[in-house]
Amino acid sequence: VGDATSHVFKTETQKLLHIVANSLYSEKEVFVRELVSNAADALEKLRYMRMSGATSDAAGDAPLEIRLFVDPEAKTFTIQDTGVGMTEQELNDHLGTIARSGSKSFIERLEESGNKNADAREKIIGQFGVGFYSSFMVGDRVRVYTRSAQPDAKGYCWSSDGTGAYTIAEAEHVDVGTKIVVELRDQCLEFADRAKIEGIVFKYSNFVGFPIYLNGKKINTVEALWTMASGDKSSISDEQHTEFYRFVASTWDRPRFRLHYKTDAPLSINSLLYVPGNHAEQFGMERMDPGVSLYSRKVLIQSKSAALLPGWLRFVKGVIDSEDIPLNLSREMLQDSALIKRLRDVMTQRICKWLEEEARRNPEKYNLFARDFGVFLKEGVCTDASHKDAIGKLLRFESSALEKGKVTSFKEYIARMPESQAAIYYLCVPNREYGDESPYSERFKQQNIEILYLYDSVDEFVMHNLGQVADKPLVSIDSQEALKALTTEQPDAADVKAGQLTDDQADTLATWMLGQLGTTLSTVKPSKRLVSHPAIVVDPESPTLRRMMQMVSSSNK
Ligand code: ADP
Ligand code: MG
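Just so it is clear, the structure is predicted and the values come from calculations on it, not from any experiment. (Residues numbered from 1 in each chain as written. Chains lettered and ligands numbered in written order. Predicted model: local features only at pLDDT ≥ 70, side-chain atom pairs only at ≥ 80, totals over all residues.)

**Q** Now, about the overall build of the protein: what can you tell me, with residues and values included?
**A** The number of helices and strands found in the protein is 18 helices and 19 strands. In the protein, which comprises 557 residues, the proportion classed as buried is 34%. Contacts in the protein between residues at least 24 apart in sequence constitute 69% of all its contacts with a sequence separation of at least 6. (Helix = DSSP H or I, 4+ residues; strand = E, 2+ residues; numbered from the N terminus. Buried ≥ 20, exposed ≤ 12 C-beta atoms within 10 Å, placed from the backbone. Contact = placed C-beta atoms within 7 Å.)

In structure tokens:
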């Protein structure tokens, strides 16, 4: 080992390390998975480089594999891979700073949760994982020996006790790839135990596409879960699915739904997809990265590919393997590839159908999904024009025909519609009470016309984008268009209150009102539409006025 240069960790990294090292995190064993998955990533990268011929490869044709060694006497846990390795620059970039996306807000959230709330911290750590740094949960010193697969790369040793600083020194006799030696803390010696490590690795051995050896003995069966014959689908246990999901999604929750979809036409597709239990955006974190990786014949083409599914489906996790994708398709080309567009379209349709099936299978469970992930569906309606109708079927809303808290689909709404009704009616309101008591809904309810209540500020925009559902236009009941729905008959004589204005008197009043409010209103018309309210504002087209009124009414509260 040559002269060492010292470096301090970037601030966020220091914070994260501090949190990790002092964490009571009960499942310390996650560090094994994190290191194994980094090794697998490094091997995937090297395999891809070899296949696409993108770079010459100093590693020659060394087998792609992961070797673990545990030594109870030396109190070490070691993991070695024959992957891409790291240059000095990469060591600084990747192990001196937090490379993971979203990690900044992750730390902010951890800080927010404060020191008192250990439970919340554990949850957040558990939710997102902490990658390489998790090795400091069990180790009080970690050394990384690495040599990049790039030609003429030198070997280096990175070392740190996980507090403020790390050193990097040139090192002799380092093989291409990476070897990480974790010096275990005294209270973590269980991770020098072979049986213990074998048990941990076994949990997700099926998903690591490379052989894993433990003290020289091969301990996994290399089989990509998604390529198991469809007849064998049921041979994948729930537990395996959960572990696989956790592996691909780098998370620790359980998936809500899963889809194992295999087809040969129009493209050959073998996919295993999951809808997560939680999503980071619901905790106020930044926009999530895509969650589905593209494979071809079990070779990773692009991890968490942004080209593979439309942005609104970023909450879906898993793997899509298509033999039709040529291995040498460069990653830069993916976005523009006609084949990928085709794949994206087929998969998007299939995912919409899948969610519809889930809704049919278990409506209660689905409605919880629609509540927690509805924001993505709505984004889809507004951004994915070619699938908006399919996505529209997945939306759920409260309705004047149902009790509070129950939701309906458009389809169910349409099934309840009398034949004479031409449109689907809705009203954007802050909550159910506003909906039920709104002067706009009064006559509709009296005439037994169902109203969907929309509570999200984006809903107006969503309806606008959808335009119609099953040929039924979507009409806001505070628009002039909605008046057509109401019967034009005069109210029954019995309804006419004593002292009602004559038509002439009503016109005079209208003219007077317009004179008073002429700068904010374009017309004032007498109407038979209202039952117990004296006047309402009808919006000819723009939702702006309504928003203003909402703001006014909420600021008056
Ligand atoms: P993530 O895997 O989510 O990027 P990690 O903290 O686990 O975050 O790893 C940080 C980075 O360090 C990786 O993205 C990778 O560039 C690099 N790295 C970690 N382990 C290895 C390894 N065994 N071989 C090559 N690079 C690695
Ligand atoms: Mg990682």
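**Q** Can you tell me about the sheet that holds strand β7 (residues 177–184), naming the residues and giving the values?
**A** Pairing in this open sheet of 9 strands is mixed, and the strands run β1-β6-β5-β4-β7-β3-β2-β8-β9 from one edge to the other. Either end of the sheet is taken by a strand with one partner, and the two such strands are β1 (4–8) and β9 (217–218). Relative to strand β3 (residues 76–81), strand β2 (residues 66–71) is paired through 6 bridges, and the arrangement is antiparallel. Among the inter-strand pairings, Leu68 is bridged to a residue of β3, identified as Ile79. Relative to the sheet, helix α3 (residues 88–95) contacts β1, β4 (139–147), β5 (155–160) and β6 (165–170), its axis offset from that of β5 by approximately 25°. (Pairing = 2+ DSSP bridges. Axes fitted to C-alpha atoms, helices over the stretch in contact; angles between N-to-C directions.)

**Q** So what's going on with helix α8 (residues 238–249)? Which residues, and what values?
**A** For α8, built from 12 residues, the straight-helix expectation of 16 Å at 1.5 Å per residue is met to within 8% by its first-to-last C-alpha distance of 16 Å. Those residues of α8 lying buried are Phe244, Tyr245, Arg246, Phe247, Val248 and Ala249. With its phi angle positive at about 50°, Ser250 sits one or two positions after the end of α8. (Expected span 1.5 Å × (residues − 1).)

**Q** Describe the sheet that holds strand β14 (residues 317–321), and please don't skip the residues or the numbers.
**A** An order of β10-β11-β14-β12-β13 is seen for the 5 strands of this open sheet, with the pairing classed as mixed. Only two strands of the sheet have a single partner each, and these edge strands are β10 (257–263) and β13 (299–302). In this sheet, neighbouring strand axes are inclined to one another by 20° on average, regardless of whether the strands run parallel or antiparallel. Bridge count between strand β12 (residues 292–296) and β14: 4 bridges; the pairing is parallel. Opposite Val292, over in β14, you have Gly318 as the bridge partner. Sheet strands touched by α8: β10, β11 (269–275), β12 and β14. Its angle to β14, the strand with the most contacts, is close to 90°.

**Q** Let's hear about the nonpolar core: which residues, and what values?
**A** One finds Tyr425, Tyr426, Leu427, Ile451 and Leu452 to be the most contacted residues of the largest nonpolar core, which totals 65 residues. Setting aside chain neighbours within four positions, we find Leu427 in contact with Gly435, Ser438, Tyr440, Ser441, Ile451, Tyr453, Leu454, Ser476, Ile477 and Asp478. Core analysis: the second largest hydrophobic core is formed by 51 residues, Val32, Leu68, Leu91 and Val144 among them. (Core = buried A, V, L, I, M, F, W, Y, C linked by C-beta atoms within 7 Å.)

**Q** Quick rundown of the site of ligand 1? Include the residues and the values.
**A** Taken together, 17 residues lie near ligand 1, and Asn38, Ala42, His94, Gly131 and Phe132 sit nearest. For the shell around ligand 1, the elements supplying multiple residues, two or more each, are α2 (30–52) and α3. Per-element accounting of the shell around ligand 1 gives the leading share, 5 residues, to α2. Of the residues in the shell around ligand 1, the class split is 7 nonpolar, 6 polar and 4 charged. (Near = placed C-beta within 6 Å. Nonpolar A, V, L, I, M, F, W, Y, C, P; charged D, E, K, R; others polar.)

**Q** Let's hear about the packing of helix α11 (residues 363–383) against helix α16 (residues 459–466): which residues, and what values?
**A** One can describe the packing of α11 onto α16 by two numbers: an axis separation of 8 Å at closest approach and a directional angle of 45°. If you check the angle between α11 and α16, you find them oblique. Relative to α16, α11 is oriented so that their crossing is left-handed. Only Phe461, Val462, Asn465 and Leu466 of α16 make contact with α11, whose side of the interface consists of Lys378, Val381 and Cys382. Each residue belonging to the contact of α11 with α16 can be placed in one class, and the counts come to 5 nonpolar, 1 polar and 1 charged. (Parallel < 35°, antiparallel > 145°, perpendicular 65-115°, else oblique. Left-handed = near helix turned anticlockwise from the far one by under 90°.)

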